[in-house]
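The primary structure of each chain is shown beneath.
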Amino acid sequence: EVWSSLALAQLEGNQIADAIESFVKSKDPSEYQRVIQTAQDADEYHALITFLKMARQKDFGTQEARGEIDTAMLMAFARTNQMAELEEFVSSPNIANVEEVGERCAEMGMFEAARMLFSSISKHDKLASCLVRLKKYADAVEAARKANFTRTWKEVLVACVKAEEFR
């Protein structure tokens, strides 16, 4: 109770890392939405991971809450460039919105993270786009073949011709 009150006050005072530490000590994930939003706005992803791990251990809340927590965890791993953790997380049971995080990663230019995410959910059209940006043209052609969308084939074809990759 005391740690939770302190955490709320610290969150209000924009002391995000301290607030997260206090929430973790209190084992109280009830303010998960505020913590996630505030930490993301302040680019405090390392601290956020600690909070999200605690929230997942508590098996807290509704299915929707767990989905938000898992989705935030994916984004935090991607933003901190923790690719091994990201890959491990998507291969373990979770209810994150993997496609949404993959799209956000691609928009932010984090194509390696987006590649892992799209690959994990077999989104071959989006995977092909990421592979083109990573200059992995042979893999992009394979992903385009699996996607089998005209738009995807066109994007990969244009990129391969520009890069003079004709194999």
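Our structure is the block above this text.
The model shown is predicted, which means the values in this text are computed figures rather than measured ones.

With that out of the way, let us pick up helix H2 (residues 16-26). By the burial criterion, the buried members of H2 are Ile-16, Ala-19, Ile-20, Ser-22, Phe-23 and Ser-26. All buried residues of H2 fall inside an arc of 160° around its axis, so they share one side. Contacts made by the buried residues of H2 are with helix H1 (2-12), helix H3 (32-41) and helix H4 (45-57). Remark: Lys-27 follows H2 within two positions and exhibits a positive phi of approximately 55°.

Let us now look at a nonpolar patch on the surface. A cluster of nonpolar residues, Leu-157, Val-161 and Phe-166, forms a patch on the protein surface that exposes about 340 Å² of accessible area. Structurally, Val-161 is set in helix H11 (residues 150-162).

Moving on, we get to the environment of Gln-82. Relative to the assigned elements, Gln-82 resides in the loop between helix H5 (63-79) and helix H6 (83-91). It is 23 Å that separates the C-alpha atoms of Gln-82 and Ala-19, two residues lying 63 residues apart in sequence. Residues in contact with Gln-82, not counting those within four places in the same chain, are His-46, Ile-49 and Phe-77.

Conventions adopted
- Residues numbered from 1 in each chain as written.
- Predicted model: local features only at pLDDT ≥ 70, side-chain atom pairs only at ≥ 80, totals over all residues.
- Heavy atoms only, no water.
- Buried < 20%, exposed > 50% of the residue type's maximum accessible area, 1.4 Å probe, protein only.
- Helix = DSSP H or I, 4+ residues; strand = E, 2+ residues; numbered from the N terminus.
- Arc of directions from axis to C-beta.
- Contact = heavy atoms within 4.5 Å.
- Patch = residues over 30% accessible without salt bridge, like charges linked within 9 Å, V, L, I, M, F, W, Y side chains within 5 Å.
- Areas by Shrake-Rupley, 256 points an atom, 1.4 Å probe, with all protein chains shown as cover.
- Salt bridge = Lys/Arg side-chain N within 4 Å of Asp/Glu carboxyl O.

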